[in-house]
Amino acid sequence: VDERAREAVLHAELGVLLALWVGAIRVLEAARVRPGIDALDRAGISASASTIPNDPNPPMKPSGVRLGTAAITTRGMGEAEMVKIAEWIDRVAQNFANEDELAKIKKEVSQLAVKFPVPGI
């Protein structure tokens, strides 16, 4: 993630979301929506296709990507974890067809997730 995204996380009111969105945009630039979402999934990062304002595509073929930030904060993760997640998303975007790199990312995601269990489970 470039320095602008990192600064957004640290300084902007919605910086956490901006950093995640920068990564999601890079996924879309690297691959079309469905392959990008599939790559995120293979890396252990949940995302789904979503319509966006003024979406040129029909609802059944949306142009956007939705990341479940509520699930992240519910687990007690903060800015430091959001930066790490944004970095993983960026790595996925740069390596969406590299299964070895996606497997490395998935292992890192799993190691973080264990530190922040889902409440009540």
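Residues numbered from 1 in each chain as written. Predicted model: local features only at pLDDT ≥ 70, side-chain atom pairs only at ≥ 80, totals over all residues. Heavy atoms only, no water.

(A) Representation of the overall build of the protein within the structure. The secondary structure content of the protein amounts to six helices and two strands. Traced from its N-terminal end to its C-terminal end, the protein shows the element sequence α-α-α-β-β-α-α-α. By residue count, 36% of the 121 residues in the protein fall in the buried class. The contacts of the protein with a sequence gap of at least 6 include a subset with a gap of at least 24, amounting to 55%. A total accessible area of about 7,300 Å² is found for the protein, and carbon and sulfur atoms account for 56% of it. (Helix = DSSP H or I, 4+ residues; strand = E, 2+ residues; numbered from the N terminus. Buried < 20%, exposed > 50% of the residue type's maximum accessible area, 1.4 Å probe, protein only. Contact = heavy atoms within 4.5 Å. Areas by Shrake-Rupley, 256 points an atom, 1.4 Å probe, with all protein chains shown as cover.)

(B) Region of the structure containing the pattern of salt bridges. Applying the stated criterion across every chain yields a total of four salt bridges. Residue Lys84 pairs with Glu87 through a salt bridge whose shortest N-O separation is 3.6 Å. Remark: Glu87 and Lys84 occur in helix α5 (residues 79-94); sequence separation between them is three residues, near one turn of the helix. The class for Lys84 is partly exposed, based on a relative accessible area of 32%. For Arg91, the salt bridge identified is with Glu108, shortest N-O distance 2.8 Å. Of the two residues, Arg91 is situated in helix α5 and Glu108 in helix α6 (residues 99-115); the sequence distance between them amounts to 17 residues. The exposure class assigned to Arg91 is partly exposed, which follows from its relative accessible area of 21%. (Salt bridge = Lys/Arg side-chain N within 4 Å of Asp/Glu carboxyl O.)

(C) Examining the environment of Arg75 more closely. Along the polypeptide, Arg75 turns up in the loop between α4 (69-74) and α5. Each C-alpha atom, one on Arg75 and one on Ala113, is 8.6 Å from the other, the two residues being 38 residues apart in sequence. The contacts of Arg75, once residues within four sequence positions are left out, are Ala113, Phe116, Pro117, Val118 and Pro119.

(D) Structural view of the nonpolar core. One finds Trp88, Val92 and Ile105 to be the most contacted residues of the largest nonpolar core, which totals 20 residues. Mapped by element, the contributors of at least two residues to this core are α3 (33-42), β2 (64-67), α5 and α6. The leading source of residues in this core is α5, at five residues. (Core = buried A, V, L, I, M, F, W, Y, C linked by side-chain atoms within 4.5 Å.)

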